[in-house]
Structures are given as structure tokens and as C-alpha cells.
Amino acid sequence: VEAEGCPGVSSFEVLVSYIGLRLLRLGRHGRRTLLTKEYRSALDTEKPGAGLGHLFANAVTHGLSFGLPEVDGKELMPLAEACRSVRSAVDAVTMGYVRWQSSQDHFKG
């Protein structure tokens, strides 16, 4: 997938950006967006038998915050700009188990 001006962007990043921009158009007030991902299955895979897959979800989630561009007064939604914002936020993360999410197949459910 390639959003104009944002090569290498994932389908997940495009979808998140589009939904965020659409919500702004529908009247959402804040432009900051928070994505969370829970890592129980990944941690369980890393340390089989340690029971990490049974932890409470909120103990192993990580949030990633990014800002969406302004949409007021714009005829077209600035999807590429939003995708760049998501990609910058993802690339800024250095923790291995958090960065892991960007290499996942988001079509696997």
C-alpha cells in the first residue's frame, strides 16, 4: 500500500489514519489519537510455559499517540499527512516488544 507522499505505509496505518480523519470530519474534538496493542500472545511465545498469556490485558498493553492534521476547511482529507504522523510515532518507539507490532500481519485477525 502506498499513500501519496508516504511510501511503505502499512494497510493498518492507512486504516487508522482514515478512521481518525473521518471522526474529525464527523465532529470529534481532539486531534490526538491513541492506539493500544496488547502483547500477551507475543510474550507467551517469547517465554513459553511462563503463563504470560494469562496476564491481565491492561498489564501488557502499550499506547502509541500521534496527532492528526487539521481537516477544517479542507475539501480532501490529508491522508498522506496523517499516515506520516502514524509512521513517525511508530518509528520513534524503540522497545522491541512494542516495535514488534509493525512487523505483524494485521490481516490475520
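Scroll up to find the structure this text is about.
What comes next concerns the included structure. Since we're looking at a predicted model, the values are computed, not measured.

Rules and cut-offs
Residue numbers run consecutively from 1 along every chain, following the written order of its sequence. Thresholds applied to this predicted model are a pLDDT of at least 70 for local features of residues and 80 or more for the giving and counting of side-chain atom pairs; totals over whole chains, interfaces and linings are not thresholded and use all residues. The side-chain figures draw on all heavy atoms in the structure; neither hydrogens nor water molecules are used. Numbering of helices and strands starts at the N terminus; helices are DSSP runs of H or I of at least 4 residues and strands are runs of E of at least 2. Under the scheme applied here, a residue whose accessible area is under 20% of the maximum for its type counts as buried, over 50% as exposed, and between as partly exposed, the area being computed with a 1.4 Å probe on protein chains only. In what follows, residue pairs with any heavy atoms lying within 4.5 Å of each other are defined as contacts. In this description, accessible areas are obtained by the Shrake-Rupley approach with a 1.4 Å probe, and a residue is regarded as covered only by the protein chains that are shown. Pairs of N or O atoms are called polar contacts if they sit within 3.5 Å, as long as, within protein, a hydrogen donor faces a hydrogen acceptor (for residues adjacent in sequence, only side-chain-to-side-chain pairs). Whenever Lys or Arg places a side-chain nitrogen within 4 Å of a carboxyl oxygen from Asp or Glu, that contact is recorded as a salt bridge. The angle between two axes is taken between their N-to-C directions and runs from 0 to 180 degrees, where each axis is a line fitted to C-alpha atoms and a helix contributes only its stretch in contact. For this classification, under 35 degrees means roughly parallel, over 145 means roughly antiparallel, 65 to 115 means roughly perpendicular, and everything else is oblique. For any pair of crossing helices, the crossing counts as left-handed if the nearer helix is rotated counterclockwise from the farther one by less than a right angle, and right-handed if it is rotated clockwise. By convention a nonpolar core is built from buried Ala, Val, Leu, Ile, Met, Phe, Trp, Tyr and Cys residues, the set being connected through side-chain atoms within 4.5 Å.

## Some words on the overall build of the protein chain
Then, in step 1: Counting secondary structure elements, the protein chain contains four helices and two strands.
Then, in step 2: When the 109 residues of the protein chain are sorted by exposure, 28% land in the buried category.
Then, in step 3: A sequence separation of at least 24 residues applies to 64% of the contacts in the protein chain between residues at least 6 apart.
Then, in step 4: Summed over all atoms, the accessible surface of the protein chain reaches about 7,200 Å², with 55% contributed by carbon and sulfur.

## Focus: the environment of I19
Then, in step 1: In this structure, I19 sits in helix 1 (residues 11-25).
Then, in step 2: Given the relative accessible area of 42%, I19 is considered partly exposed.
Then, in step 3: Each C-alpha atom of the pair I19 and L79 lies 10.0 Å from the other, and the pair is 60 residues apart in sequence.

## Some details on the side chain of E13
Then, in step 1: Structurally, the position occupied by E13 is in helix 1.
Then, in step 2: In terms of polar contacts, E13 uses its side chain to reach the side chain of R87, at 2.4 Å.

## A look at the pattern of salt bridges
Any two side chains of opposite charge can pair, so long as their charged atoms come close to each other.
Then, in step 1: Applying the stated criterion to the full structure yields two salt bridges.
Then, in step 2: Here R87 ties to E13 by a salt bridge, and the two come within 2.4 Å at their closest N and O atoms. Of this pair, R87 sits in helix 3 (residues 79-92) while E13 sits in helix 1, placing them 74 residues apart in sequence.
Then, in step 3: Judged by relative accessible area, which is 21%, R87 ranks as partly exposed.
Then, in step 4: R31 serves as the salt-bridge partner of E70, at 3.3 Å between the closest nitrogen and oxygen.

## Digging into the packing of helix 1 against helix 3
Then, in step 1: At a minimum axis separation of 9 Å, helix 1 and helix 3 run at an interaxial angle of 120°. As the angle between them shows, helix 1 and helix 3 are arranged oblique. Every pair of crossing elements has a handedness; the one defined by helix 1 and helix 3 is right-handed. Contacts between helix 1 and helix 3 pair E13, V14, S17, Y18 and L21 from the former with L79, A82, C83, V86, R87 and V90 from the latter.

## Quick look at the side chain of T33
Then, in step 1: Examined against the element boundaries, T33 turns out to sit in strand 1 (residues 32-38).
Then, in step 2: Residues in contact with T33, not counting those within four places in the same chain, are R28, L64, S65, F66 and L68.

## What to know about the nonpolar core
Across soluble globular proteins, nonpolar side chains have a tendency to be buried as a group.
Then, in step 1: L21, L24, L64, F66 and L68 are the most contacted members of the largest nonpolar core, which has 13 residues in total.
Then, in step 2: Setting aside chain neighbours within four positions, we find L68 in contact with S17, G20, L21, L24, R31, T33 and A82.

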